Amino acid sequence: MTKISLTVNGTARSGDVEPRTLLVEFLRNHLGLTGTHVGCDTSQCGACTIHLNGKPVKSCTILAVQADGQQLTTIEGVAPTAQQGGDALHPMQAAFKECHGLQCGFCTPGMVMSALGIVERHKNDQLTEAIVRHELEGNLCRCTGYQGIVNAVLMGAKNMGVRVA
Amino acid sequence: MHAFTYHRPTSVADAVAKRSADDDASYLAGGMTLIPTLKQRLAQPTQVFDLAGLADLKGIVVTDGAVTIGAMTCHADVALSADVRRVIPALSDLAGTIGDPQVRNRGTIGGSLANCDPSADYPAAVLGLGATIHTNTRQISGDDFFKGLFETALKPGELIVKVSFPISKRAAYMKFPNPASRYAVVGVMVAENAQGVRVAVTGAGACAFRLSAMETALSKSFSVAAIKDIAVPADDLNNDMHATAEYRAHLVGVMARRAVAAIA
């Protein structure tokens with residue numbers, strides 16, 4: 001077993017893991033943060049997307065030991081008062097609700113984390129529908145389609161202060 | 001996944017020494033290929049040496065004649081680098097077509113080249129732009145690096161440190177991506193630099209290769225017309241569930257013409 005210490009959603013966490021433990025397994029099974037989902041387990045679907053040092057990554061294709069000493073944000077940590085037990089949504093989460101950007105909801109945590117990555121990359125320029133569609137290529141929805149999701153990302157970005165065409 | 005031990009070497013020399021002492025050990029770069037391979041139990045390393053902590057393997061340096069990229073630089077950093085975009089936009093474009101944003105935040109140029117997947121994008125850049133691969137012991141010309149299916153000129157334990165791309169006069173990369181994985185069914189880099197015109201193909205063969213017939217034709221006349229009648233033989237090309245060898249041969253011509261059209 002290897003001891004790892006990392007910061008998850010602003011809180012110092014640690015645990016003993018086997019080197020072969022995936023980061024998503026550590027989050028879900030060791031820390032109980034089950035908002036991060038395992039869809040395909042083959043780095044294609046993006047349901048396991050989290051932020052590692054501020055960048056969206058697929059936590060099913062990272063070893064927990066690789067995250068030792070790093071800063072992580074999961075879906076549980078994006079809302080401003082989530083760590084204090086508040087139930088206010090982040091503007092991007094609220095936009096997914098408003099735009100019906102989900103049906104079953106399985107892909108939604110990963111979609112939101114990827115959406116926040118898109119906002120971060122384009123916060124100083126103008127976001128378009130084409131950019132959102134292209135940059136969501138690492139996330140799959142298998143319910144109904146992407147129109148509501150794209151609408152939600154655009155609304156969420158706008159409400160976060162990004163210029164949207 | 002089989003069990004292994006995990007280590008973080010403190011320097012390139014430390015990594016090479018420890019990896020070289022164990023034939024069954026493996027380096028870990030971004031892990032975008034190694035970890036899926038481990039999950040499928042297609043590899044069973046005894047020890048894994050994570051290179052992520054080695055700061056001297058990271059970074060992009062642009063000088064008068066070349067762009068030099070550290071082996072552990074991720075695809076997103078290459079794709080989004082204003083410096084790379086300014087001097088070799090085709091290299092930015094290529095890096096920006098690898099996988100998806102999440103994969104580009106982890107996968108590295110050194111890992112991609114050492115793995116030598118027949119459908120990876122970077123081999124077309126190395127071969128097409130005439131890059132040089134710097135390892136811990138030597139420099140390897142891109143022309144001598146790719147040896148076959150997942151096979152390179154690297155010796156056991158030899159570690160890619162950085163890759164140096166000469167700044168081309170003009171270059172374009174065109175790719176027909178697999179719609180699910182974004183790996184290249186076929187990708188073609190066409191470039192003109194001080195040494196002449198180069199045309200490099202990935203996705204179509206066992207490893208990346210150059211098309212001398214097109215290079216000769218484009219050297220005489222850099223135009224779509226110059227290569228439109230050059231047939232690409234399908235004999236040794238990949239034939240799998242994604243595309244037949246004949247279809248890949250056809251795509252090589254299409255992608256080459258699109259690349260030339262973009263910069264002619």
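Quick caveat: nothing in here was measured; it's all calculated off a predicted structure.

## Things to note about the domain arrangement of chain B
Segmentation of chain B into domains returns domain 1 (1-55) and domain 2 (170-263). Each of domain 1 of chain B and domain 2 of chain B was reduced to a C-alpha centroid, and the two centroids are 34 Å apart.

## Notes on the sheet that holds strand E3 (residues 47-50) of chain B
All names here are of chain B. Reading across from one edge, E1-E3-E2 is the order of the three strands in this open sheet, with parallel pairing throughout. Either end of the sheet is taken by a strand with one partner, and the two such strands are strand E1 (5-7) and strand E2 (26-28). The sheet shows a mean angle of 30 degrees between the axes of neighbouring strands, direction not considered. Sheet topology places E1 next to E3; three bridges connect them, and they run parallel. By the bridge assignment, Tyr6 is partnered in E3 with Val48.

## Quick look at the sheet that holds strand E3 (residues 49-52) of chain A
Residue and element names in this part refer to chain A. Ordered by their spatial adjacency, five strands build an open sheet running E2-E1-E5-E3-E4, and the pairing between neighbours is mixed. The outermost strands of the open sheet, each flanked by one partner alone, are strand E2 (11-17) and strand E4 (55-58). Direction aside, the axes of adjacent strands within the sheet are offset by 40 degrees on average. Inspection of the sheet shows strand E1 (residues 2-8) paired to E2 by seven bridges, in the antiparallel sense. Bridge pairing links Ser5 to Ser14 in E2. Those strands touched by helix H3 (residues 108-122) are E3 and E4, and its axis lies near 40 degrees from that of E3.

## Topic: the pairing of strand E12 (residues 184-193) of chain B
Residues and elements named next belong to chain B. Most of E12 is tucked away, with eight of its ten residues classed as buried. Linking strand E11 (residues 170-177) to E12, which pair antiparallel, is a turn of six residues; within it Arg182 sits at a positive phi near 70 degrees. Where E12 meets strand E13 (residues 196-202), seven bridges bridge the pair, whose relative direction is antiparallel. Bridging across to E13, Asn193 finds its partner in Gly196. Taking the residues that link successive antiparallel strands as the turn, the E12-E13 hairpin has two residues.

## Comments concerning helix H5 (residues 147-159) of chain A
Because an α-helix completes one turn every 3.6 residues, residues spaced three or four positions apart along the sequence face the same direction. Residues and elements named next belong to chain A. Over its 13 residues, H5 extends 18 Å from the first C-alpha to the last, a length consistent with the 18 Å expected when each residue adds 1.5 Å. Within the span of H5, buried status applies to Ile149, Ala152, Val153, Leu154, Gly156 and Ala157. Its buried side turned inward, H5 meets helix H2 (91-98), H3, strand E6 (126-127), helix H4 (129-135) and strand E7 (163-164). Gly161 sits one or two residues past H5 and shows a positive phi near 95 degrees.

## Some remarks on the packing of H3(A) against H5(A)
When two helices pack together, their arrangement is given by the angle between the helix axes and the distance between those axes. Residues and elements named next belong to chain A. Contact geometry of H3 with H5 gives a least axis separation of 10 Å together with a crossing angle of 50 degrees. Comparing the axis directions of H3 and H5 gives the class oblique. Judged by the twist between their axes, the crossing of H3 over H5 is right-handed. Residues Met111, Ala115, Ile118 and Val119 of H3 form the contact with H5, whose participating residues are Ile149, Val153, Gly156 and Ala157. Its residues placed into classes, the contact of H3 with H5 shows seven nonpolar, one polar and no charged.

## Some points on the confidence of the model for chain B
With 100% of its residues at a pLDDT of 70 or more, chain B shows a mean pLDDT of 97. Among the prediction metrics, the complex's ipTM stands at 0.96, with pTM recorded as 0.96.

## Some remarks on the environment of Arg142(A)
Residues and elements named next belong to chain A. Looking at where Arg142 falls in the secondary structure, it is placed in the loop between H4 and H5. Under the C-beta neighbour-count criterion, Arg142 is labelled exposed, with 12 such atoms within 10 Å. Along the backbone, Arg142 and Val162 are 20 residues apart, and their C-alpha atoms lie at a distance of 28 Å.

The rules behind each value
Residues numbered from 1 in each chain as written. Chains lettered and ligands numbered in written order. Predicted model: local features only at pLDDT ≥ 70, side-chain atom pairs only at ≥ 80, totals over all residues. Domains from an automatic or database assignment. Pairing = 2+ DSSP bridges. Helix = DSSP H or I, 4+ residues; strand = E, 2+ residues; numbered from the N terminus. Axes fitted to C-alpha atoms, helices over the stretch in contact; angles between N-to-C directions. Contact = placed C-beta atoms within 7 Å. Buried ≥ 20, exposed ≤ 12 C-beta atoms within 10 Å, placed from the backbone. Expected span 1.5 Å × (residues − 1). Parallel < 35°, antiparallel > 145°, perpendicular 65-115°, else oblique. Left-handed = near helix turned anticlockwise from the far one by under 90°. Nonpolar A, V, L, I, M, F, W, Y, C, P; charged D, E, K, R; others polar. pLDDT = per-residue confidence, 0-100.

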